[in-house]
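# A look at the structure
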Amino acid sequence: MNILVCIAKAPDTTTKIKFNAEANALDGNGVTWIVNPSDEWYALVKALELKEAAGQGKVSIITVGLSEDDSIIRKALAVGADEAFRINMSPDSAASVAAQIAAWMKGQSFDFILTGKETIDYNGSLMGGLLAAELDLPYIPMIEKLDVQSGIATMSRDIGGGTEEVQVQGPFVASATKGLAEQRIPNMRGIMAARTKPITVVEPQSIDSTVQYLDFTLPAEKGACKMIDPENMDELVRLLHSEAKAL
Amino acid sequence: MNVLVYIDLQLGKPRKNAAELLTYASKMADGGTVSALVLGPCSEDLTQLGDFGAQKVLHANAPELASFDGLTHGKLLAEAVQFSQSDVAIVAFDHSGRAVAPVAAAKLKAGLVAGAAGLPLGNSFPVKAFSGKALAKVKVLTSVWVVALTPNSIPSEKTAGTAALESWTPSSIPVSKIKVLATHKNASDIPLPEAERVVSGGRGLKGPENWGLVEDLAKELGAATACSRPVSDIGWRPHHEHVGQTGITIRPNLYIAAGISGAIQHLAGVNSSKTIVVINTDAEAPFFKAADYGVVGDAFEVLPKLTQAIKKFKAEQA
Ligand SMILES: Cc1cc2nc3c(=O)[nH]c(=O)nc-3n(C[C@H](O)[C@H](O)[C@H](O)COP(=O)(O)OP(=O)(O)OC[C@H]3O[C@@H](n4cnc5c(N)ncnc54)[C@H](O)[C@@H]3O)c2cc1C
Ligand SMILES: Nc1ncnc2c1ncn2[C@@H]1O[C@H](COP(=O)(O)O)[C@@H](O)[C@H]1O
């Protein structure tokens, strides 16, 4: 079973978000980068579980990023991926990431492709769908369960207000959400092994951007919190109605 | 400009968010035509979509469209954009929209705005970024646009218009490779991302047996229920209730958090809520800094009192 997992980097979840002077990009100073949580915890670990259960196959990871992202790639290799590919450009939108990965996929063969549910920085949750569209493959977003038996994948996915069980034969793209697998902390052996696993650098194609991030602003600070006496919930209800217009 | 709205069906009826999407489309169209696209058999009178600004409804009611497939629906949305000569396609930034929008955008070679949080200024849209910690401006560089609108971004407005219903036959219906085996509905009726009010509980509630307190208040408010990550990790509550940076992001009108400390990862998923009420025994809990109204007190006492106060308020209003 050969599985491709798409890995993005993301600022550590405790990062205080700041922007550069032009306000058009994150100020990377002092930011610790991590593997985007749903890519690592759910998509990658599930791919490893399936490979282990099958007793054969390979888990490959791909990221669109620059050489500074190799540390993130090593982390994913330490968790257990077998080999890595990096398309050598700074990702500027989900659409260009998808177009680059799709272009690279020509000539590659995988049973299926997993992405995370969304990156925690831009939160587009669109890359998987865009990639599926480029490759003309079925796309199953937000899967919580995945089982593969003789080439048929059975999945359960979150459909907002419920779940749906679906079956797909042949290659597909799915995005992984909570429940699919449990985070694996890499052990010493994994970390050592990751040092010698191959990272293949691929040069990007020239593809036009369709959207552009102009600038970023931080939300206005909240005013002071109004404290309400715990014995006086009528007062809270009154304020929610007349002041906040929330009732 | 001409705008086409993708209307998602749930159990054969347009989802409640159709009103918001059509209102948004009408404002964007600014005199242009607003059309709605409905795919699959539908048990409701679709001319009612005119109430929120649709002038035309394209309805493809082939039975094979009843089960949802992002690839099929996305391709048909792209075809409908061309058929209706629309400049913009609007979908909800929800579970279905996230699967439909990218396909339509890829087929149309259109710029895709993910998670628009309001109306555009020219061709640049406000969108949420960094898990709600920031707002970005995104410019679309193509002539046709696909816009996925974050739920609860603008209030829906009724209009006096009527919609003309047109049955529409797409050139071909791509055969879905996805076979739907079963669909299960969650116990609560209101999907969390669409809920206007949310009551949420954290580890401070001590155990799943105490969730009645959260549910009673939610029921009285017509709210959905949510929880912090550890609560769903230990299995007190289902995964789909987990809100935050690694859970789902919500922006209801009212968010009530009981027994939640307000860690930065939790706040990331809820801090766009219009009004936040925090109930916590610890006056130093970080959540109070992000709250509009705070109650320092024991959730086990405060929640029932608040539920009673809401009951009383509703009785007075009636
Ligand atoms: C990578 C990463 C991602 C994460 N993503 C998320 C996420 O998406 N969502 C999320 O929620 N968390 C997330 N977390 C976890 C987050 O950091 C916090 O640990 C978590 O939000 C704390 O949950 P809590 O507030 O329920 O519990 P606690 O931190 O244990 O807080 C319980 C609170 O309840 C109060 N309390 C106790 N008893 C009572 C009572 N009787 N009445 C009222 N109040 C009471 C306490 O004063 C305390 O403030 C993430 C963490 C990491 C590292
Ligand atoms: N630069 C990237 N390289 C590889 N995969 C990515 C990249 N960005 C996003 N992805 C994948 O696409 C998923 C959704 O990303 P997004 O559309 O940005 O929310 C992520 O969880 C990753 O699996």
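Since the model is a prediction, treat every value here as computed from it, not as a measurement.

Taken together, 28 residues lie around ligand 1, and B:Ser228, B:Thr246, B:Ser261, B:Gln265 and B:Asn280 are the ones closest in. Residues lining ligand 1 come from chains A and B. Between B:Arg203 and ligand 1, the recorded distance is 2.8 Å, taken from a backbone N or O atom to an oxygen atom. One of the backbone nitrogen or oxygen atoms of B:Ala299 is found 2.8 Å away from a nitrogen atom of ligand 1. Across the complex, the protein chains shield 78% of the 990 Å² of accessible surface that ligand 1 would expose by itself. Taken together, the residues that form the shell around ligand 1 break down as 7 nonpolar, 16 polar and 5 charged.

The next point concerns the sheet that holds strand β16 (residues 275–280) of chain B. Across the sheet, 6 strands lie side by side as β13(A)-β17(B)-β16(B)-β15(B)-β13(B)-β14(B); this open sheet has parallel pairing. Taken across any chain shown, the strands that pair with only one partner, and hence form the sheet edges, are β13 (226–227) of chain A together with β14 (224–227) of chain B. In this sheet, strand β15 (residues 254–258) of chain B lies alongside strand β13 (residues 197–201) of chain B in parallel orientation, the contact comprising 5 bridges. Bridge pairing in β15(B) links B:Ser200 to B:Ala257. Across the sheet, helix α4 (residues 212–221) of chain B lies against β13, β14 and β15 of chain B, angled at about 175° from β13(B), the strand it touches most. Docked against the sheet, helix α7 (residues 299–317) of chain B engages β15, β16 and β17 (293–296) of chain B, running at close to 135° with respect to β16(B).

Turning our eyes to something else, we now look at the interface of chain B and chain A. Counting residues at the interface gives 84 residues for chain B, matched by 75 residues for chain A. Interface area for chain B against chain A, summed over the two sides, is near 6900 Å², with a carbon-plus-sulfur share of 60%. Our count for the contact surface shared by chain B and chain A stands at 6 salt bridges. In this structure, A:Glu118 engages B:Arg98 in a salt bridge whose closest nitrogen and oxygen atoms are separated by 3.9 Å. Summed over the shared surface of chain B and chain A, the result is 25 residue pairs in polar contact (both at pLDDT 80 or more).

All names here are of chain B. Domain boundaries in chain B define domain 1 (3–167) and domain 2 (192–317). Using C-alpha coordinates to define each centre, domain 1 is positioned 31 Å away from domain 2. Domain 1 puts 14 residues into the contact, and the matching count from domain 2 is 13 residues. Between domain 1 and domain 2, the buried area comes to about 1100 Å², and carbon and sulfur atoms account for 39% of it. If you sort the residues of domain 1 by the area they bury against domain 2, Ser131, Lys133 and Asn152 come out on top, with a joint share of 45%. The closest approach of N and O atoms between glutamate 194 and arginine 15, which form a salt bridge, is 3.0 Å. Here the residues of the side of domain 1 that touches domain 2 sort into 2 nonpolar, 7 polar and 5 charged.

The final tally for this structure, using the stated rule, is 12 aromatic pairs over all chains. Aromatic pair A:Phe19 and A:Phe216: ring centres 4.8 Å apart, planes at 5°, arrangement stacked. A residue pair is termed long-range when its members are at least 10 positions apart, and A:Phe19 in the loop between β2 (9–11) and β3 (33–35) and A:Phe216 in strand β12 (residues 211–217) qualify at 197 residues. Of the two residues, A:Phe19 and A:Phe216, neither departs from the other in class, the shared state being buried. Considering the side-chain rings of B:Phe125 and B:Trp145, the 5.6 Å spacing of their centres and the 80° angle between planes classify their relative orientation as edge-to-face. Within this pair, whereas B:Phe125 is found in strand β8 (residues 124–129), its partner B:Trp145 is found in strand β10 (residues 145–149), the two being separated by 20 residues in sequence. With respect to burial, B:Phe125 and B:Trp145 carry one shared label: buried. Aromatic ring contacts, followed pair by pair, group A:Phe19, A:Tyr213, A:Phe216 and B:Phe130 into a single cluster. Sitting over the face of the ring of A:Trp33, A:Lys9 holds its NZ or CZ atom 4.2 Å from the ring centroid. Its end group placed over the ring of B:Phe93, B:Arg98 keeps NZ or CZ at 4.0 Å from the ring centre.

About the cut-offs
- Residues numbered from 1 in each chain as written.
- Chains lettered and ligands numbered in written order.
- Predicted model: local features only at pLDDT ≥ 70, side-chain atom pairs only at ≥ 80, totals over all residues.
- Heavy atoms only, no water.
- Near = heavy atom within 4 Å.
- Polar contact = N/O pair within 3.5 Å; in protein donor to acceptor, adjacent residues only side chain to side chain.
- Areas by Shrake-Rupley, 256 points an atom, 1.4 Å probe, with all protein chains shown as cover.
- Nonpolar A, V, L, I, M, F, W, Y, C, P; charged D, E, K, R; others polar.
- Pairing = 2+ DSSP bridges.
- Helix = DSSP H or I, 4+ residues; strand = E, 2+ residues; numbered from the N terminus.
- Contact = heavy atoms within 4.5 Å.
- Axes fitted to C-alpha atoms, helices over the stretch in contact; angles between N-to-C directions.
- Buried area = accessible area lost by both parts, 1.4 Å probe.
- Salt bridge = Lys/Arg side-chain N within 4 Å of Asp/Glu carboxyl O.
- Domains from an automatic or database assignment.
- Phe/Tyr/Trp six-rings, centres within 6.5 Å; stacked < 30°, edge-to-face > 60°.
- Buried < 20%, exposed > 50% of the residue type's maximum accessible area, 1.4 Å probe, protein only.
- Lys NZ or Arg CZ within 6 Å of the ring centre and 35° of its normal.

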